[in-house]
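Structural features, examined
Residue strings, one per chain:
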Amino acid sequence: MKYFTSIILAITITLLLTSCQNDEYTPNPEHNLNQNSLNNLVDKIVNMGFQRSKIELHEGRFIIEKDIIIEQKNLNSSELKSKQFHTFPTFKFPSNRTQYIDVRIDTKFHQDIFSATEIAVNKYNQALRNTNIKLRIVTTLTPYPFPENTIGRTFITTTTGRAQGSLGLLQPDGKFRFGEFILIPEGAKAINKDFNSLAAGIIHELGHNLGFRHTDSNPSNIPGTPNNDSSSIMNSSPKVDNLSEYDLIAIDKTFGNNPINYPESWNKNYVENKGWRVDKNPRVMGDVNGDGKADIIGFGNNDILVALSDGDSFENPKSWKKTMTYDDGWRADKHIRTVADVNGDGKADLIGFGNNDVLIALSDGNKFQTAKSWKKTMTYNDGWRVNKNPRIVADVNGDGKADIIGFGNNDVLIALSDGNKFKTAKSWTKNFTYSDGWRT
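What you are looking at is a predicted structure, and each value in this text was computed from that prediction instead of being measured.

Let's shift gears to the overall build of the protein. Across its full length, the protein carries five helices and 22 strands. Counting only residues that meet the buried cut, the protein has 49% of its 440 residues in that class. Partitioning the intrachain contacts of the protein with sequence separation of at least 6 by distance along the chain shows that 59% fall at a separation of at least 24. Only carbon and sulfur atoms are counted for the fraction: they give 47% of the accessible area of the protein, which is about 20700 Å².

The strand order across the open sheet formed by four strands is 15-16-17-18, and the pairing between neighbours is antiparallel. Unpaired on one side and paired on the other, strand 15 (337-340) and strand 18 (372-375) mark the two borders of the sheet. Looking at each pair of strands side by side, their axes are set apart by 35° on average, direction ignored. Note that strand 15 and strand 16 (residues 349-353) share four bridges and pair antiparallel. Among the inter-strand pairings, Thr338 is bridged to a residue of strand 16, identified as Ile351.

As a further point, take the packing of aromatic side chains. Within the structure shown, the criterion is met by four aromatic pairs. With a centroid separation of 5.0 Å and an interplanar angle of 70°, the aromatic rings of Phe432 and Trp438 are classed as edge-to-face. Its relative accessible area of 43% is what places Phe432 among the partly exposed residues. Lys280 extends its terminal NZ or CZ atom over the ring of Tyr326, reaching a point 4.4 Å from the ring centre.

Residues other than glycine seldom take positive phi values, yet Glu65 does so here, at roughly 50°. Of note, Glu65 is situated in the loop between strand 2 (61-64) and strand 3 (68-71). For Asn192, which is not glycine, the phi torsion reads 55° and is therefore positive. Relative to the elements of secondary structure, Asn192 occurs in the loop between strand 10 (181-185) and helix 4 (195-209). Given the relative accessible area of 75%, Asn192 is considered exposed.

A residue-level look at the protein finds 83% of positions with pLDDT of 70 or above and a mean pLDDT of 83. Under a pLDDT of 50 for its full length, residues 1-30 has, in the predicted model, 151 contacts with residues more than four places off or in other chains. Scored below 50 in pLDDT, residues 78-91 shows 45 contacts in the model against residues more than four places distant or in partner chains.

The four strands are arranged 11-12-13-14 in an open sheet whose pairing can be described as antiparallel. Bordering the open sheet on either side are strand 11 (283-286) and strand 14 (318-321), each of which pairs with just one other strand. Across this sheet, the average inter-strand angle for adjacent strands is 35°, counted without regard to direction. As paired strands, strand 13 (residues 304-307) and strand 14 are joined by three bridges and run antiparallel to one another. Its bridge partner lying in strand 14, Ile304 is registered against Lys321.

Another aspect to go through is the pattern of salt bridges. All chains considered together, the criterion is met by 13 salt bridges. The shortest N-O distance in the salt bridge between Glu56 and Lys66 comes to 3.2 Å. Of this pair, Glu56 sits in strand 1 (residues 55-58) while Lys66 sits in the loop between strand 2 and strand 3, and the two are ten residues apart along the sequence. Since its relative accessible area comes to 37%, Glu56 is described here as partly exposed. Here Asp291 ties to Lys293 by a salt bridge, and the two come within 3.6 Å at their closest N and O atoms. According to the relative accessible area criterion, Asp291 is partly exposed, its value standing at 32%. Here Lys293 falls in the partly exposed class, since its relative accessible area comes to 30%.

Looking now at the nonpolar core. Of all hydrophobic cores here, the largest spans 34 residues; its most connected members are Tyr124, Leu135, Ile156, Ile184 and Phe255. Elements that contribute at least two residues to this core include exactly strand 4 (99-105), helix 3 (111-127), strand 5 (133-138), strand 6 (150-159), strand 10, helix 4 and helix 5 (245-255). Excluding residues within four positions of it along the chain, Ile184 makes contact with Phe109, Ile113, Ile156, Thr157, Thr158, Thr159, Ala163 and Ile202. With 16 residues, the next largest nonpolar core counts Ala340, Ile351, Phe353 and Trp374 among its residues.

This next bit is on the pairing of strand 1. Here four bridges tie strand 1 to strand 2, and the two strands are oriented antiparallel to one another. Paired with Ile55 across the strands is Ile64, a residue of strand 2.

Over its 17 residues, helix 3 extends 25 Å from the first C-alpha to the last, a length consistent with the 24 Å expected when each residue adds 1.5 Å. Looking at the buried positions of helix 3, the neighbouring elements they touch are strand 4, strand 5, strand 6, strand 10, helix 4 and helix 5.

Moving on, we come to the packing of helix 3 against helix 4. Where helix 3 contacts helix 4, the axes come no closer than 8 Å and their chain directions differ by 60°. Here helix 3 lies oblique to helix 4, going by the angle between them. Viewed along their axes, helix 3 and helix 4 form a crossing whose handedness is right-handed. Within the contact between the two elements, helix 3 uses Asp112, Ile113, Ser115, Ala116, Thr117, Ile119, Ala120, Lys123 and Tyr124 and helix 4 uses Phe195, Asn196, Leu198, Ala199, Ile202, Ile203, Leu206 and Gly207. Partitioning the contact of helix 3 with helix 4 into residue classes produces eleven nonpolar, four polar and two charged.

Moving on, we get to the side chain of Asp287. Take Asp287: it is sitting in the loop between strand 11 and strand 12 (295-299). Although Asp287 is buried, it forms no salt bridge, and the closest oppositely charged side chain is Lys293 at an N-O distance of 7.7 Å. In terms of polar contacts, Asp287 uses its side chain to reach the backbone amide nitrogen of Gly290, at 2.9 Å. The residues contacting Asp287, other than those within four sequence positions of it, are Gly292, Lys293, Ala294, Asp295, Gly346, Lys347 and Ala348.

About the thresholds
- Residues numbered from 1 in each chain as written.
- Predicted model: local features only at pLDDT ≥ 70, side-chain atom pairs only at ≥ 80, totals over all residues.
- Heavy atoms only, no water.
- Helix = DSSP H or I, 4+ residues; strand = E, 2+ residues; numbered from the N terminus.
- Buried < 20%, exposed > 50% of the residue type's maximum accessible area, 1.4 Å probe, protein only.
- Contact = heavy atoms within 4.5 Å.
- Areas by Shrake-Rupley, 256 points an atom, 1.4 Å probe, with all protein chains shown as cover.
- Pairing = 2+ DSSP bridges.
- Axes fitted to C-alpha atoms, helices over the stretch in contact; angles between N-to-C directions.
- Phe/Tyr/Trp six-rings, centres within 6.5 Å; stacked < 30°, edge-to-face > 60°.
- Lys NZ or Arg CZ within 6 Å of the ring centre and 35° of its normal.
- pLDDT = per-residue confidence, 0-100.
- Salt bridge = Lys/Arg side-chain N within 4 Å of Asp/Glu carboxyl O.
- Core = buried A, V, L, I, M, F, W, Y, C linked by side-chain atoms within 4.5 Å.
- Expected span 1.5 Å × (residues − 1).
- Parallel < 35°, antiparallel > 145°, perpendicular 65-115°, else oblique.
- Left-handed = near helix turned anticlockwise from the far one by under 90°.
- Nonpolar A, V, L, I, M, F, W, Y, C, P; charged D, E, K, R; others polar.
- Lys, Arg positive; Asp, Glu negative; His and termini not counted.
- Polar contact = N/O pair within 3.5 Å; in protein donor to acceptor, adjacent residues only side chain to side chain.

Below you can see the structure in the form of structure tokens.
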């Protein structure tokens, strides 16, 4: 869903239509528009982010991208925003109790539609489990005004054309009004009792009722979802019969009371497809420029590349030094490399446990300075091994400068930093060691 995977919520602003008192939703086509009025309404839809060439008028309804419906009366009822809402919205509903969206099925349909709708409703309720919203199938649609525990309703009825769904709308007061009807071709049945395929069409149109547009026709700003998702059921011609991983993320991000913080891409560097290997290229995190945000430090084949964080993404990597790299003779199975602030200036520095020395390359906020030996201790030639003797760097005495903690065969050794070098290592405990039975 960015409309389910890349979903931009189709955000149209409309007034709450309190005049609809009838039990079932009945469209009210208008055919008497002059050309200027028609152009104004089309302009409103275009300003919502839809392409003008994909908007059609049919029996008083605007049909967008073949199956999204917006009625004239909704467009006439209020002034729309001048452009599509381009920031990620999360819709909240006032009650902490379960809020229902009622779904009624036209009795004219074959029983297969009832079975398929039940599947679709169950899939949405599973996707909405992190919210206080629940769909339920009813035999009578809730009339306006809705009772406290009902926030929407939709009527699944017949059409002689293709399946279509009315679009969920955002009202001027910030409340969300769900789309109120779905059109399904009369005579629709499951082929060979394949209810999942039949349900897929209902899932798709219910998505429009929930305010989601076509994944493959619109850009998206919902964190954690891509601009394209071939597995999305909200594609204009979906080839799937279920909600995709990103559809689920989009639902949760949009309607969740406590949305899950799903992962989102901040940078496409430092990955396997870019040539980075675990056994050759360590990657660590640390604040190397002192702005309070952790940055990526990657030990490449030729350079140490740093991608600074701006709080929303990582900038393009830049070389900060040609040292402690693979081509410089450093190996992941022999030489531990990490970052920590060893001189107390608020910027993370490079620490490399080489063959003979612990090398430090201080950060000046823009680059790493030339590496210098701060101590000959806990190194490969001193008998320390990556697979037996972890070494980390952290401030153990609270003076603001990171110290070496080495888990030797028999002792945990500490080499305190004085800001210019590490002091002679001393044993602080004999626990957590290789001889004590600890293994990496």
